[in-house]
Amino acid sequence: MQHPLTATEPWARLAALAARPDAGAIRRRLLEDPNRFARLSRTGAGLLLDLSRTALDDTTLEALLALAEAARVTEKLAAMARGEIVNTTERRAALHMALRAPRDAGFRADTGNGWEDASAIVHAELGRMRQFVAEVHEGRARGATGAPFASVLNLGIGGSDLGPAMVTEALAALPARLDARFVSNVDGHALAPVLASLDPARTLVLVASKTFTTQETMANAKVVRSWLVSALGEGAVAAQVVALSSNARAVAEFGVLPERTFGFRDWVGGRFSLWGPIGLAIALARGWEAFASLLAGAHAMDRHMLTAPAAENLPLLLALAHTWHATFRGHAAYACLPYDQRLARLPAWLQQLEMESNGKRVDVTGQPVPFPTAPVVFGEPGTNAQHSFMQLLHQGTQVIPADIIIVARPDHALAENHRILLAHALAQAAALALGRSAAEQEGAMLASGMDAAEARRLSPHRHFPGDRPSIGIVLPRLEPVSLGALLALYEHKVAAQAALWGINAFDQWGVELGKTLAAGTLPALKTGETGALDPATGGLVRALCRMGA
Ligand SMILES: O=P(O)(O)OC[C@H]1O[C@](O)(CO)[C@@H](O)[C@@H]1O
């Protein structure tokens, strides 16, 4: 039986367009149309999206928009905003948009057991967060010895780390209100040096875990709890530990006071959670105003996503361009290249967002999807990426599209450095798209005085095929409001692709098996008893034990 999406007329049209010999031609399209940038760039919520260095043309774009219509993408995103149960396997709404909307936005969530006033719940907690942040900054909330807090240590992993850590680093141009540290890995090499560098009397600890059962976070939380208690006594737990979680019972058992617990509902998915209590570290480190502006920027993108016409809608257009690359052109990876060092952790955040959301092989009905879904995402800030993996993007055997994120105005006074950075970002996009033919390359070598035989020998090695797509995303400046819009752009892009493919972006069953197996392996590492393990794991456990594990 044919999959409902591949049975649509626009799908057939797109499959035919993708099979054309010139389906990937970017150079020709660029050089033939001097207005291509104007025709294929759009603005929304303060950002600029530039699709001119992809092979998309009017016909392809029209077919992609028709496919989105056939898949009812806009209706599905509207259902998400209405708080309907869109995460069908876990029977939950996905209402992260409520976290960043004004109080009167009126978001409501279907709990499966009736509807609740999501906006009221969010704003009650936001008010408490705001008050707590003020108490810490003004020195009214202090540690067990009466010392004001100088540092905040966030213990969390996945969505309970990547978002707040990335945003806190991205907003480094703002004055630091508290020194912020993030420890996610259960590897003691992550936690031990951080604890060694902190003063327990002046450290506020955030245990960030939606479930409050994640083994890595809880193991680190226990270590930090003992560290506080042995330095300051049992009273330090109540004075200095804060929980960010939706599991109030487990939080209470851990000993965190209700007034130091900030909660959220299960309609906030882990990887979409930085906008609420999980983002407390951002507000503590960069100030409440910055956090509020971040939310405002994301809300502006939410409004744009919900109201802009399809052909002008940034998240939808980005989703369609990525889908053209991943699903129709079969590009199995894409690179995220932020040309701003402060966005160094953006690729890591995006990896979870994309790959945990859309790394799915069955659709919402449980049927296998007969086409590629989420590609592999990787990335590094430019220009560093140019000196590591960009070689493969320019001359490798596979085509790997890139998102090139550019910030127009810097927050430093090194104007020449910034111009060099921008020149490289633009040059990479141009080199990927236009390439340089063997003949052009050979001509350049001859002109430089190289002898003809040597120029001929080198020309295949120095040939750039071009026709390699990149998408530009431009922020006027990296500030809370534009960062919020950028992150919401990607969140909605991911949700739009899931809606198009008919998959569930909001569950993550693929992470469960490894957790279960780790629980069975831990006792074997303690006792050396490997009888219950598979032969390969058992062999490795015995080898590790012989080496002193
Ligand atoms: O916040 P929690 O419950 O500790 O979960 C952390 C992370 O673990 C996952 O559940 C699975 O890796 C992520 O989705 C989540 O962000």
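Residues numbered from 1 in each chain as written. Predicted model: local features only at pLDDT ≥ 70, side-chain atom pairs only at ≥ 80, totals over all residues. Heavy atoms only, no water.

1. Details of the nonpolar core
The criterion, for reference: Buried Ala, Val, Leu, Ile, Met, Phe, Trp, Tyr and Cys residues that are joined via side-chain atoms within 4.5 Å together make up what is termed a nonpolar core. Using a 1.4 Å probe on the protein chains alone, a residue whose accessible area is under 20% of its type maximum counts as buried, one over 50% counts as exposed, and one in between counts as partly exposed. Throughout, the edges of the domains are those of an automatic or database domain assignment. By definition in these notes, contact holds between two residues if any of their heavy atoms fall within 4.5 Å.
L280, W349, I473, L483 and Y490 are the most contacted members of the largest nonpolar core, which has 114 residues in total. Here this core spans two domains, and each of domain 1 (5-70 + 308-434 + 468-501) and domain 2 (92-292) adds at least three residues to it. Once you skip the residues sitting within four places of it in the chain, L483 turns out to touch V167, A170, L171, L294, L343, L475 and L478. Membership of the second largest hydrophobic core comes to 23 residues, among which are L155, V183, V237 and V251.

2. Description of the domain arrangement of the chain
By the assigned domains, the chain splits into domain 1 (5-70 + 308-434 + 468-501), domain 2 (92-292) and domain 3 (509-546). Placing the centre of domain 2 and that of domain 3 at their C-alpha centroids yields a distance of 32 Å.

3. Let's talk about unusual backbone geometry
Leaving glycine out, the prevailing phi sign among residues is negative, and the prevailing peptide bond configuration is trans. Using the following cut-off: A run of DSSP states H or I qualifies as a helix once it reaches four residues; a run of E qualifies as a strand once it reaches two. Both are numbered from the N-terminal end.
Residue T383 follows G382 across a cis peptide bond; omega there is 10°. Relative to the helices and strands, T383 resides in the loop between β11 (376-379) and α17 (390-395). The phi torsion at R91 lies on the positive side, around 50°, for a residue other than glycine. Relative to the helices and strands, R91 resides in the loop between α5 (73-81) and α6 (96-99). Note on R91: relative accessible area 64%, which makes it exposed. The backbone of F212 sits at a positive phi, close to 60°, despite the residue not being glycine.

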